[in-house]
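Each chain, letter by letter, is given below.
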Amino acid sequence: MNTQKKYRLFFVLLLLALLVCLVINISLGSVSIPLKDTFYVILGNSVQNDSWNNIIWNYRIPKAFTAILVGSGLALSGLLMQTLFRNPLAGPFVLGISSGASLGAALLIMGSSLFSGMLSFTFVNDLSLAIAASVGSFLVLLVVMIVAVKIKDTMALLIIGLMFGSITTAIVSILSYFTNAEKLRQYIYWSFGSVGNLSWQQLLILLTIILAGVLLSIISIKPLNSLLLGENYARSLGVNLKRSRYIIILATGLLAGGITAFAGPIAFIGLAVPHLTRQIFNTTDHKVLVPAVLVYGAILMLICDTIAQLPASVNVLPINAITSIIGAPVVIWLLVRKKKMIF
Amino acid sequence: MSAIIGINGIGKSTLLRTIGKIQPKLSGSILLNSRDLKSYNALDLASLLSIVLTEPLVSKNLTVLELIALGRQPYTNWIGTLSDKDKVKIQEAITMVDLSDLQYKKCYELSDGQLQRVMIARALAQDTAIILLDEPTSHLDLHHKVQIFKLLKSIAHKTNKTILFTSHEIEMAIQLCDKILVLNKEVHDFGKPDELIQKSAFEKLFPIDTVSFDPSTGSFKIKK
């Protein structure tokens, strides 16, 4: 059919755009490296300036790949949540996943001084932070899954997720109140989000988690499409609703939880990218939407990261602020222009 | 084609939704092809029984064709690729419900009557022996009510499917249905419309001080 050719063309263009964004992202940074030399290094040659090799291979390329994984994963988990909860306001964090991660991070950073006797490690580094955050998000996810067994109503599950979020946020505020300024600063710094600082090894772990999430999403494409009609229709079409719901929640947990653990709670991408994609592709078919949000999420995150690192300056802006500043006007503009939200 | 009729709150939709396994049964047992409904898993049931409900669609951004194609889900592979057979069935459903001109429209562009026909086409594409419909003609004007009734009747007779639906259109049901189930408080009569009229099953349906049934015309008269 004609539309299928159109989609294919769209995807080719999008992948090209992704490639361009990737190269731009890698070629810009606090140290200015000529574009020609950047290409040289990417293609495996070494340039005379040894530190350039080091910067590109051990700093910029991992950062760019992290941005791609973070953008794709968050966008996909947002799409899953919006369809599962039939709610355009849902994002990857509605189940309390990000609050759980924040709680984990907060307990590690700020709680260690309060309960120094109970916690054996007071040394806070990136890896222990990632572990604490993922433990936090998975504990919340586990509780949500247990509740999901008892509660059949998906809307109730959404509200329960939000309530868990409130509770954890409250605990974090109490911790912040009692902690010292240095620790508070460290926590706030984490909550800004960052796609830098990941080693190749950590990147590999993140990649595995994201791939698992993407695979679970791909096997859920059919149930997701039938959920567009409503839960009762989906069941009448032979969908094992309970199992599909578990798989979708688990996929979201892996994607959003894993990303938050390594990159902090990054706002907006998960909520906005599915909307952008629906507006541009003008479809709700998940066979198109799932790959499309992956690519869009990656592009948007790369652009945001390029801006956040403020080319040719040593300062790095918090990526969390940039995603919202760039993303929100785009969504507003699209909605105003089309005068109609596609969902 | 059979209709379930009765006053508001008597349990028409509850009965229909229980048969469709949308809600758990309150008591008793339901047999489908002399097998307990409970023993069917969702996928087996999906190839035997399709539904059209009153609840609104979650996404109206699907095209008519996409929505009808979703009816083929029980038969498609793990990612939902439509086979040639699926495409034939979809086109058959579109032709039977006369939606060829509308198939590339989005669902939000359709009127209520058109959307109801699309939902019926989706159930048809699912190719089940039984189609259940919950109040398929509510919100429609007289012309479109008759259109849906006639459509259902022609589907039932041409394709040999069982069509069971709930309705408040008793007079239309008497004229067009093959059988009617009348839910009253105590007795539940089931039979052909003229048999039911002879048994005066419709007289007890409403309190006599509001409306009365005229057996000769098969219609209700308002008490003045």
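No experiment lies behind these values; they were computed from the predicted model shown.

S.K.: What exactly am I supposed to notice about the overall build of chain A here?
M.R.: A tally of helices and strands in chain A yields 14 helices and 0 strands. Mapped in sequence order, the helices and strands of chain A form the string α-α-α-α-α-α-α-α-α-α-α-α-α-α. Radius of gyration (C-alpha) of chain A: 21 Å, near the 20 Å computed for a compact globule of 343 residues. In terms of principal-axis extent, the alpha carbons of chain A reach across some 65 × 60 × 35 Å.

S.K.: Would you take a moment to explain the domain arrangement of chain B for this structure?
M.R.: You'll often see interface size given as the accessible area lost when the parts meet. Residue and element names in this part refer to chain B. As assigned here, chain B comprises domain 1 (1–48 + 129–224) and domain 2 (56–127). Contacts between the two partners involve 18 residues from domain 1 and, on the opposite side, 13 residues from domain 2. Here domain 1 packs against domain 2, burying approximately 1300 Å² in sum over the two surfaces, 72% of which is carbon and sulfur. Three residues, Ala46, Leu151 and Ile155, lead the burial of domain 1 against domain 2; their summed loss comes to 28% of the area buried on that side. If you look at where domain 1 meets domain 2, you find 1 salt bridge. The closest approach of N and O atoms between Lys161 and Asp127, which form a salt bridge, is 3.2 Å.

S.K.: Would you mind going over the interface of chain A and chain B with me for this structure?
M.R.: In this assembly, 26 residues from chain A lie in contact with 37 residues from chain B. Linking chain A with chain B are 0 salt bridges, by the criterion used here. The interface formed by chain A and chain B contains 10 residue pairs in polar contact (both at pLDDT 80 or more). Among the elements of the structure, α9 (221–227) and α10 (231–236) of chain A are those that each provide at least two residues to the side of chain A that touches chain B. It is α9(A) that provides the largest number of residues to the side of chain A that touches chain B, a total of 5 residues. Class assignment for the residues of the side of chain A that touches chain B results in 11 nonpolar, 9 polar and 6 charged.

S.K.: How should I be thinking about the pattern of salt bridges in this particular structure?
M.R.: A side chain with one charge can pair with a side chain of the opposite charge if their charged atoms come near. Under the definition given, this model contains 7 salt bridges over all chains. Across the salt bridge formed by A:Lys63 and A:Asp305, the nearest N and O atoms sit 2.8 Å from each other. You can see A:Lys63 sitting in helix α3 (residues 50–84) and its partner A:Asp305 sitting in helix α13 (residues 286–308), a full 242 residues away along the chain. No difference in accessibility class separates A:Lys63 from A:Asp305, as the two residues are buried. Linking B:Arg72 and B:Asp86 is a salt bridge whose minimum nitrogen-to-oxygen distance equals 2.9 Å.

S.K.: It is not clear to me how the nonpolar core should be interpreted in this structure. Could you clarify?
M.R.: A general trend in soluble globular proteins is that nonpolar side chains are found buried together. Formed by 103 residues in total, the largest nonpolar core has its most connected members in A:Phe85 and A:Ile266. Excluding anything up to four places from it in sequence, A:Ile266 contacts A:Val70, A:Leu74, A:Phe93, A:Gly193, A:Val195, A:Met301, A:Ile319, A:Asn320 and A:Thr323. In this structure, B:Met1, B:Leu62, B:Phe202 and B:Leu205 belong to the second largest nonpolar core, which totals 74 residues.

S.K.: Can you help me understand the pairing of strand β6 (residues 162–166) of chain B in this one?
M.R.: Residue and element names in this part refer to chain B. With 4 of 5 residues buried, β6 lies mostly within the body of the structure. Bridge count between strand β1 (residues 2–5) and β6: 3 bridges; the pairing is parallel. When the sheet's bridge partners are listed, Ser2 is paired in β6 with Leu164. Pairing between strand β5 (residues 130–133) and β6: 4 bridges, direction parallel. Looking at the pairing, Ile131 lines up with Ile163 of β6.

S.K.: Looking at this model, I keep getting lost on the sheet that holds strand β8 (residues 188–191) of chain B. Mind explaining?
M.R.: As a general point, the strands of a sheet are linked pairwise by backbone hydrogen bonds and lie either parallel or antiparallel. Residue and element names in this part refer to chain B. Sheet architecture is open: 6 strands sit in the order β4-β5-β6-β1-β7-β8, paired in mixed fashion. Each end of this open sheet is capped by a strand with a single partner; those strands are β4 (49–52) and β8. For this sheet the average axis-to-axis angle between neighbouring strands, irrespective of direction, equals 15°. Looking at chain direction, β4 and β5 are connected through 4 bridges and run parallel. Directly across from Ser50, in β5, lies its bridge partner Ile131.

S.K.: Is there a simple way to explain unusual backbone geometry in this structure?
M.R.: Among all residues save glycine, negative phi is the norm, and among peptide bonds the norm is trans. Residues and elements named next belong to chain B. Positive phi values are uncommon outside glycine, yet Ser34 reaches one of about 50°. Examined against the element boundaries, Ser34 turns out to sit in the loop between β2 (31–32) and β3 (35–36). Take Ser34: its relative accessible area is 69%, and that puts it in the exposed class. Even without glycine at this site, Asn160 takes up a positive phi of about 60°. Note on placement: Asn160 falls in the loop between α6 (142–159) and β6. The exposure class assigned to Asn160 is exposed, which follows from its relative accessible area of 71%.

S.K.: Please explain the side chain of A:Gln202 as it appears in this structure.
M.R.: Residues and elements named next belong to chain A. By secondary structure assignment, the location of Gln202 is in helix α8 (residues 200–219). Look at Gln202 and you get buried, because its relative accessible area is 11%. For Gln202, the side chain forms a polar contact with the main-chain nitrogen of Ser199, separated by 3.0 Å. Setting aside its immediate chain neighbours within four residues, Gln202 contacts Asp126, Leu127, Asn197 and Phe262.

S.K.: Got a minute to help me understand the packing of aromatic side chains in this structure?
M.R.: Aromatic ring pairs are described here by two measures, namely the spacing of the ring centres and the angle between the planes. According to the stated counting rule, one finds 12 aromatic pairs over all chains in the structure shown. Taken together through their ring pairs, the aromatic side chains of A:Tyr7, A:Phe10, A:Phe11, A:Phe281 and A:Tyr296 make up a single cluster.

S.K.: Looking at this structure, how should I read helix α6 (residues 154–178) of chain A?
M.R.: Helical geometry note: an α-helix holds 3.6 residues per turn, so side chains three or four residues apart project in the same direction. Here α6(A) spans 37 Å end to end across 25 residues, near enough to the 36 Å set by a 1.5 Å rise per residue. Here α6(A) has its buried residues at A:Thr154, A:Leu157, A:Leu158, A:Gly161, A:Gly165, A:Thr168, A:Val172, A:Leu175 and A:Ser176.

S.K.: Quick question: what am I supposed to make of the environment of A:Phe85 here?
M.R.: Residues and elements named next belong to chain A. Here Phe85 is to be found in the loop between α3 and α4 (97–114). The spacing of Phe85 and Asp153 is 68 residues in sequence and 9.9 Å in space, taken between C-alpha atoms. Excluding anything up to four places from it in sequence, Phe85 contacts Ala90, Val94, Leu95, Thr154, Met155, Leu157 and Leu158.

S.K.: Honestly, the side chain of A:Asp37 in this entry has me stumped. Any pointers?
M.R.: Following the sequence through the fold, A:Asp37 ends up in helix α2 (residues 35–42). Although A:Asp37 is buried, it forms no salt bridge, and the closest oppositely charged side chain is A:Lys36 at an N-O distance of 5.6 Å.

S.K.: Would you explain the packing of helix α12 (residues 269–281) of chain A against α13(A) in this entry?
M.R.: Describing two packed helices takes the angle between their axes plus the distance from one axis to the other. All names here are of chain A. Running from N to C, α12 and α13 point in directions that differ by 120°, and their axes come no closer than 9 Å. The angle between α12 and α13 falls in the class oblique. Of the two elements, α12 crosses α13, and the hand of that crossing is right-handed. Residues Ile269, Val273, Pro274, Leu276, Thr277, Arg278, Ile280 and Phe281 of α12 form the contact with α13, whose own contacting residues are Val288, Leu289, Ala292, Val293, Tyr296, Gly297, Leu300 and Met301. Class assignment of the residues belonging to the contact of α12 with α13 gives a composition of 13 nonpolar, 2 polar and 1 charged.

Rules behind the numbers
Residues numbered from 1 in each chain as written. Chains lettered and ligands numbered in written order. Predicted model: local features only at pLDDT ≥ 70, side-chain atom pairs only at ≥ 80, totals over all residues. Heavy atoms only, no water. Helix = DSSP H or I, 4+ residues; strand = E, 2+ residues; numbered from the N terminus. Rg over C-alpha atoms; globule rule 2.2 N^0.38 Å. Domains from an automatic or database assignment. Contact = heavy atoms within 4.5 Å. Buried area = accessible area lost by both parts, 1.4 Å probe. Salt bridge = Lys/Arg side-chain N within 4 Å of Asp/Glu carboxyl O. Polar contact = N/O pair within 3.5 Å; in protein donor to acceptor, adjacent residues only side chain to side chain. Nonpolar A, V, L, I, M, F, W, Y, C, P; charged D, E, K, R; others polar. Buried < 20%, exposed > 50% of the residue type's maximum accessible area, 1.4 Å probe, protein only. Core = buried A, V, L, I, M, F, W, Y, C linked by side-chain atoms within 4.5 Å. Pairing = 2+ DSSP bridges. Axes fitted to C-alpha atoms, helices over the stretch in contact; angles between N-to-C directions. Phe/Tyr/Trp six-rings, centres within 6.5 Å; stacked < 30°, edge-to-face > 60°. Expected span 1.5 Å × (residues − 1). Lys, Arg positive; Asp, Glu negative; His and termini not counted. Parallel < 35°, antiparallel > 145°, perpendicular 65-115°, else oblique. Left-handed = near helix turned anticlockwise from the far one by under 90°.

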